[in-house]
Amino acid sequence: MRTLTRVRAGVLLRAAEFDPRDRQLAVGRSLLALATLSVLLFTPTRALFAPLPENPAGPRCGGVRGALLWCVGGPGPWLSTPRLVVAVAVLAAVVIGFRPRWTCVPHWYVTVSLSASMTVPNGGDAAGRIATMLLILMCLGDGRRWHWRAGHDPYPPAWGGSAYAAHLVLRLQVALIYLAAVGTKLAVPSWRDGTYLAEIFHHPYYGPSAALRSVLGPALEQRPIVAALTWGTLVIELAIAASLFAGPRLRRCGLVLAIALHGLIIVLIGLVSFGLTMIALVTLASGGTRRHPPADTAPMQFRESAPVV
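Small disclaimer: the values here were computed from a predicted structure and weren't measured.

J.: Account for the state of the cysteines, with residues named and values stated.
T.: Tallied over the full model, the rule gives one disulfide. Through a disulfide, Cys 61 is tied to Cys 71; the S-S separation comes to 2.0 Å. The sign of the -85 degrees torsion about the S-S bond sets the Cys 61-Cys 71 disulfide as left-handed. A residue pair is termed long-range when its members are at least 10 positions apart, and Cys 61 in the loop between α3 (45–48) and α4 (80–96) and Cys 71 in the loop between α3 and α4 qualify at ten residues. The buried category is assigned to Cys 71, whose relative accessible area is 6%. Cys 104 takes part in no disulfide bond, and the closest cysteine sulfur to it belongs to Cys 139, at a distance of 5.3 Å.

Below you can see the structure in the form of structure tokens.
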């Protein structure tokens, strides 16, 4: 019973000391919005909302999706440009860091609207819409004009607990994404024997460009190199997942690994929006600063003995 009381006191103290307004929040939000913006600006509308036999109108607007941006007023193409302008304006405001408190909800709305309406998901859209929802709880207490500025005023205590809980859920979500990715890969024989990336490197649609392949060609033909890259991907993903259960220093190490991994994937395979989304998620999960708590935040007898969560 005493142990549970100490854990509870530690969680309350940690929540009282938590302040999400750090550089990782700024960079993560901007990258997350930039990933969605890149999809909107560089993907043709017909590709995003491709008509299917069961859905000839394009955007998926059945049920509650009717309230989403690409479905309001019906799926008619005559609204495509106004919708795009609204979405780009919201995402651009988030990228430059303007008024986190007022842009966090529109950011989530645009992200979930695109993710739930488009007919061909890009891989990072589902994680992005959950992350933007959690960011609402971390940003509604943020009264800064620009999220790049340091938060000198105390973070509102009324939002401290919600922001801390959202940050913990975000860390868990990102860790589970990487753990699930490793489990899925290990179920594929070519991942286990170290030859999977050889298939990707020579894939006509997902492999490196012709120019890059001509430069890297000799190295990509070497089985030890391909096997090292294949198995190394699994090891790095496991390391990133493990770092998210650790303290801030190890989480920053995980962030470095994520930037290296997804940066290489962007260069070699070209999954730009997915890579930016995953880097953004790990950046957000690696953040969270500590500030001096109010005097009455937690019982004094637990302050020195409470475990760090």
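Now that the structure has been shown, we can carry on.
J.: Quick one: what's the story with unusual backbone geometry, residue by residue and with numbers?
T.: One non-glycine residue with positive phi stands out, namely Arg 99, at about 40 degrees. The topology assignment puts Arg 99 in the loop between α4 and α5 (100–117). Residue classification places Arg 99 among the partly exposed positions, given a relative accessible area of 25%.

J.: So what's going on with the environment of Leu 212? Which residues, and what values?
T.: Within the secondary structure layout, Leu 212 lies in helix α10 (residues 210–220). Sequence separation between Leu 212 and Leu 268 is 56 residues, and the spatial gap between their C-alpha atoms is 7.9 Å. Setting aside chain neighbours within four positions, we find Leu 212 in contact with Val 267 and Leu 268.

J.: So what's going on with the environment of Val 39? Which residues, and what values?
T.: Looking at the secondary structure, you find Val 39 in helix α2 (residues 23–42). Note on Val 39: relative accessible area 8%, which makes it buried. Each C-alpha atom of the pair Val 39 and Ser 273 lies 6.6 Å from the other, and the pair is 234 residues apart in sequence. Dropping the residues within four chain positions of it, Val 39 is found in contact with Leu 48, Leu 114, Asn 122 and Ser 273.

J.: Give a detailed account of a nonpolar patch on the surface, specifying residues and quantitative values.
T.: A cluster of nonpolar side chains, Leu 172, Leu 176, Leu 179, Leu 238 and Phe 245, forms an exposed patch at the surface whose accessible area comes to about 470 Å². With three residues, helix α7 (residues 157–186) is the single largest residue contributor to the nonpolar patch. Within the secondary structure, Phe 245 is located in the loop between α11 (223–243) and α12 (248–268).

J.: With reference to specific residues and values, describe empty space enclosed by the protein.
T.: Within this structure, the stated rule accounts for two cavities of 30 Å³ or more. Empty space within the largest cavity amounts to approximately 130 Å³. Forming the boundary of the largest cavity are 14 residues, of which Thr 36, Asn 122, Gly 124, Asp 125 and Thr 277 lie nearest the centre. Those elements giving two or more residues to the lining of the largest cavity turn out to be α2, α5, α6 (125–139) and α13 (272–285). Its residues assigned to classes, the lining of the largest cavity comprises five nonpolar, eight polar and one charged.

J.: Explain the packing of α11 against α12 residue by residue, including any values.
T.: Between α11 and α12, the shortest axis-to-axis distance is 8 Å and the interhelical angle comes to 150 degrees. Between α11 and α12, the angle is such that the two are roughly antiparallel. As for how α11 packs across α12, the hand of that crossing is left-handed. Contact with α11, carried on its side by Thr 233, Ile 236, Glu 237, Ala 239, Ile 240 and Ser 243, involves Leu 250, Arg 251, Gly 254, Leu 257, Ala 258 and Leu 261 of α12 and no other residues of that element. Among the residues making up the contact of α11 with α12, the classes are represented as seven nonpolar, three polar and two charged.

Reading the values: rules and limits
Residues numbered from 1 in each chain as written. Predicted model: local features only at pLDDT ≥ 70, side-chain atom pairs only at ≥ 80, totals over all residues. Heavy atoms only, no water. Disulfide = S-S within 2.5 Å. Helix = DSSP H or I, 4+ residues; strand = E, 2+ residues; numbered from the N terminus. Buried < 20%, exposed > 50% of the residue type's maximum accessible area, 1.4 Å probe, protein only. Contact = heavy atoms within 4.5 Å. Patch = residues over 30% accessible without salt bridge, like charges linked within 9 Å, V, L, I, M, F, W, Y side chains within 5 Å. Areas by Shrake-Rupley, 256 points an atom, 1.4 Å probe, with all protein chains shown as cover. Salt bridge = Lys/Arg side-chain N within 4 Å of Asp/Glu carboxyl O. 1 Å grid on protein atoms, 1.4 Å probe; cavity = no way out; pocket = protein on both sides within 12 Å on 5 of 7 lines; lining within 4 Å. Points joined across faces, edges and corners; volume = space filled by probe spheres on them. Nonpolar A, V, L, I, M, F, W, Y, C, P; charged D, E, K, R; others polar. Axes fitted to C-alpha atoms, helices over the stretch in contact; angles between N-to-C directions. Parallel < 35°, antiparallel > 145°, perpendicular 65-115°, else oblique. Left-handed = near helix turned anticlockwise from the far one by under 90°.

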